[in-house]
Amino acid sequence: MVLDETGARRKRMRKLPMDEWQVLIKDHHQGYIDWPTFETNQQRMANNTQPRPHSEGAERSAGAVREGGALLQGIARCGHCGRRLRTHYRGRNATPGYHCAGKAIVDGRGVYCLNVGGVQIDEAVVAAFLEALEPARLAATLAAAERLENDREATLKQWRLDVDRAKYAVDRAERRYRAVDPDNRLVARTLEQQWEVALRDLEAAKAELVRQEVVRPRALSAIEREKLLALGADLASVWHAPTTTARDRKEPLRTLIEEVALQVDRDEAAAHLVLRWKGGALSRLTVALPRSRPATVRTDEDTLALLRRLAPQYPDAVIACILNHQGRRTAYGHRFDANRVGYLARTGRFPSARPRHQPPTATSSPSGRPPPRSAWRHRRFTAISTTASSRANR
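Treat the numbers as computed from the prediction; the structure is a model and nothing was measured. (Residues numbered from 1 in each chain as written. Predicted model: local features only at pLDDT ≥ 70, side-chain atom pairs only at ≥ 80, totals over all residues. Heavy atoms only, no water.)

## Here we look at the overall build of the protein chain
Here is step 1: Summing up its helical and strand segments, the protein chain has 10 helices and 11 strands in all.
Here is step 2: Counting across all 394 residues of the protein chain, residues that qualify as buried make up 26%.
Here is step 3: For the protein chain, contacts bridging at least 24 residues in sequence account for 49% of all contacts bridging at least 6.
Here is step 4: As displayed, the protein chain offers around 28700 Å² of accessible surface, 52% of which is attributable to carbon and sulfur atoms. (Helix = DSSP H or I, 4+ residues; strand = E, 2+ residues; numbered from the N terminus. Buried < 20%, exposed > 50% of the residue type's maximum accessible area, 1.4 Å probe, protein only. Contact = heavy atoms within 4.5 Å. Areas by Shrake-Rupley, 256 points an atom, 1.4 Å probe, with all protein chains shown as cover.)

## Considerations on helix α6 (residues 246–256)
Here is step 1: Within the sequence span of α6, burial applies to A246, R249, K250, L253 and R254. Summarising the axial view, the buried residues of α6 lie within an arc of 125°, below the 170-degree limit, and thus occupy one face. (Arc of directions from axis to C-beta.)

## Focus on the sheet that holds strand β10 (residues 270–277)
Here is step 1: A sheet is described by the order of its strands in space; here 4 strands give the open sequence β3-β9-β10-β11, paired in mixed fashion. With partners counted over all chains shown, the strands left at the sheet margins are β3 (76–78) and β11 (282–288), one partner each. Each neighbouring strand pair of the sheet contributes to a mean axis angle of 25°, computed without reference to strand direction.
Here is step 2: In the sheet, strand β9 (residues 257–265) pairs with β10 via 8 bridges, with the strands oriented antiparallel. Its bridge partner being in β10, V260 is matched across the sheet by L275.
Here is step 3: Where helix α2 (residues 119–132) meets the sheet, it contacts β9, β10 and β11, and its direction lies at approximately 35° from that of β10.
Here is step 4: Running at roughly 95° to β9, α6 makes contact with β9 and β10 of the sheet. (Pairing = 2+ DSSP bridges. Axes fitted to C-alpha atoms, helices over the stretch in contact; angles between N-to-C directions.)

## Observations regarding the side chain of R328
Here is step 1: Its location among the elements puts R328 in the loop between α8 (316–325) and α9 (338–347).
Here is step 2: Residue R328 is classed as buried on the basis of its relative accessible area, which comes to 18%.
Here is step 3: Within the structure, the side chain of R328 is placed 2.9 Å from the side chain of Q326, a separation counted as a polar contact. (Polar contact = N/O pair within 3.5 Å; in protein donor to acceptor, adjacent residues only side chain to side chain.)

## Some details on the packing of aromatic side chains
Here is step 1: Taken as a whole and judged by the stated rule, the model has 3 aromatic pairs.
Here is step 2: Between F129 and W239, the aromatic rings sit 5.4 Å apart at their centres with planes inclined by 45°, giving tilted as the arrangement. Remark: W239 occurs in helix α5 (residues 222–239) and F129 occurs in helix α2; sequence separation between them is 110 residues.
Here is step 3: Geometrically, the ring pair formed by Y177 and W195 is tilted, given 5.6 Å between the ring centres and 40° between the ring planes. Of this pair, Y177 sits in helix α3 (residues 135–179) while W195 is found in helix α4 (residues 185–214), placing the two residues 18 residues apart along the sequence. (Phe/Tyr/Trp six-rings, centres within 6.5 Å; stacked < 30°, edge-to-face > 60°.)

Following this line, the structure appears as structure tokens:
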């Protein structure tokens, strides 16, 4: 309860993380699920929650698994700026791709620092993932798990010894307290305090032992080991089966791969990947990217050469009239207009046209009336076409 500016009492609630609670009694009542399952569900929901920008630890959450075909959704990062990569899909077949949400200003335009197709990248990551699940590698992984379990047992043995030492300290403090003469109150009070300290240390040692036993990883049984080894040989066929969805592929992929850093080198036409596996191991891959091919249908080179000479002198609409007057056509056989001429000038990086001057004031006809606008346009177009054609043919 707090008092506001008017003196009224207000109730204020503040949510604290579980490790800051003053009272937490686990398994005080029987629940629908046990406590480890509850903690696992909480962790999974936290990982699936869409992170908020600029929040602590938000960038580490991979988000929920989606149905899209981009296998690295949520776990891919930009190797240039460190931001999480976003996915996009193009074409009729919804081909996946990745791009960086951060833009840099280049020549006055916003440019993504990374924008690449995801087909070759996903195939390389899947190949590394399936290679890691080969039977020989699984056997080595199981052997490492056994060594980890043995180390865990040694650690638990140390905690159990700490509990035994704490019990011995409690027993010794109790014997010393009971053996003292009651008339020596000062000595008895000191021994009582030492006994209480020993009891608190014993409770702390027991609580730590229980916590260490709870977080202890579950050991695999013999049947589970055999199934896991058999999975390494069958996973490739299951992975490429037509009934396996993209969401089904992402689930096992995330169980082994923590993060994939992606960096693209356009000069080399290659993508450099850094795979960070669960446990901290790193793998580096280089994936060749398809080079951009020139357009198979191109405008005639003679027309482009003429356009290059006319572009600095005339606007796009006038150039289109000149090209049509000479009977030239686009690569697809269409007549030229201002938009098509402007597109060719932009793609060819031709110099821009000079600003066109205002047309002169039309003179009056012998009848005293101004000449028709269509007649004026026809005379001006004929003069411009004749002049431009003569310059182009020099």
